[in-house]
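# Overview (structure and organization)
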Amino acid sequence: MGDRKRDENSGRFSEEYPREDFLRVLEELGAAGTTDVAEHVGCDRRTAYLKLQSLEEEGDVESRKVGNALLWELIDESQGV
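Residues numbered from 1 in each chain as written. Predicted model: local features only at pLDDT ≥ 70, side-chain atom pairs only at ≥ 80, totals over all residues. Heavy atoms only, no water.

### Focus: the overall build of the chain
Helices and strands together make up the secondary structure of the chain, namely 3 helices and 3 strands. Traced from its N-terminal end to its C-terminal end, the chain shows the element sequence α-β-α-α-β-β. Taken over 81 residues, the chain has a buried fraction of 21%. The long-range fraction of contacts in the chain, counting pairs at least 24 apart against all pairs at least 6 apart in sequence, stands at 41%. For the chain, the accessible area works out to roughly 6,000 Å², and carbon and sulfur atoms hold 43% of it. (Helix = DSSP H or I, 4+ residues; strand = E, 2+ residues; numbered from the N terminus. Buried < 20%, exposed > 50% of the residue type's maximum accessible area, 1.4 Å probe, protein only. Contact = heavy atoms within 4.5 Å. Areas by Shrake-Rupley, 256 points an atom, 1.4 Å probe, with all protein chains shown as cover.)

As structure tokens, then:
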């Protein structure tokens with residue numbers, strides 16, 4: 001973690017894997033499993049799962065169970081919720 005950068009103003013660490021990376025991957029892939037997202041972002045599966053869960057809580061993505069896996073996709077805001 002010695003390589004992580006801090007914001008000069010707030011002193012907070014910057015995100016190693018920004019949310020935009022996950023949203024971009026889902027935009028490119030469409031619906032994708034956690035492992036696929038992790039591979040495309042370049043993080044481990046657990047990190048991807050936690051970030052995707054957070055994005056789901058924020059209303060940016062949704063998941064559905066397919067067999068034993070979760071399939072993640074962007075929420076289509078053009079369709080009324």
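### A closer look at the sheet that holds strand 3 (residues 69–74)
Read across the sheet, 3 strands follow the order 1-3-2 without closing on themselves; strand pairing throughout is antiparallel. Unpaired on one side and paired on the other, strand 1 (32–33) and strand 2 (61–66) mark the two borders of the sheet. In the sheet, strand 2 pairs with strand 3 via 6 bridges, with the strands oriented antiparallel. Counterpart to Lys-65 in the pairing with strand 3 is Leu-70. Across the sheet, helix 1 (residues 19–29) lies against strand 1, strand 2 and strand 3, angled at about 95° from strand 3, the strand it touches most. (Pairing = 2+ DSSP bridges. Axes fitted to C-alpha atoms, helices over the stretch in contact; angles between N-to-C directions.)

### Structural notes on the pairing of strand 3
Consecutive side chains of a regular strand alternate in pointing toward one face of the sheet and then the other. Bridge analysis of strand 1 against strand 3 gives 2 bridges, and the strand direction is antiparallel. Across the sheet, Ala-32 pairs through a bridge with Trp-72, a residue of strand 3. Counted along the chain from strand 2 to the antiparallel partner strand 3, the turn is 2 residues long, and its residue Gly-67 has a positive phi close to 65°.

### A short note on the pattern of salt bridges
Using the criterion set out here, one finds 4 salt bridges in the structure. When the shortest N-O distance is used, the salt bridge between Asp-60 and Arg-19 registers 2.2 Å. Separated by 41 residues along the polypeptide, Asp-60 in the loop between helix 3 (45–57) and strand 2 and Arg-19 in helix 1 bring together distant segments of the chain. In this structure, a network of salt bridges that share partners links the residues Arg-19, Glu-58 and Asp-60. (Salt bridge = Lys/Arg side-chain N within 4 Å of Asp/Glu carboxyl O.)

### Quick word on helix 1
Of all the residues in helix 1, the buried ones are Phe-22, Leu-23, Val-25 and Leu-26. The buried residues of helix 1 all sit within an arc of 160° when viewed along its axis, so they share a single face. Projecting away from the buried face of helix 1 at angles above 90 degrees are the exposed residues Glu-27 and Glu-28. On the buried face of helix 1, the contacting elements are strand 1, helix 2 (34–41), helix 3, strand 2 and strand 3. Two residues or fewer past helix 1, Gly-30 is found with a positive phi of approximately 80°. (Arc of directions from axis to C-beta.)

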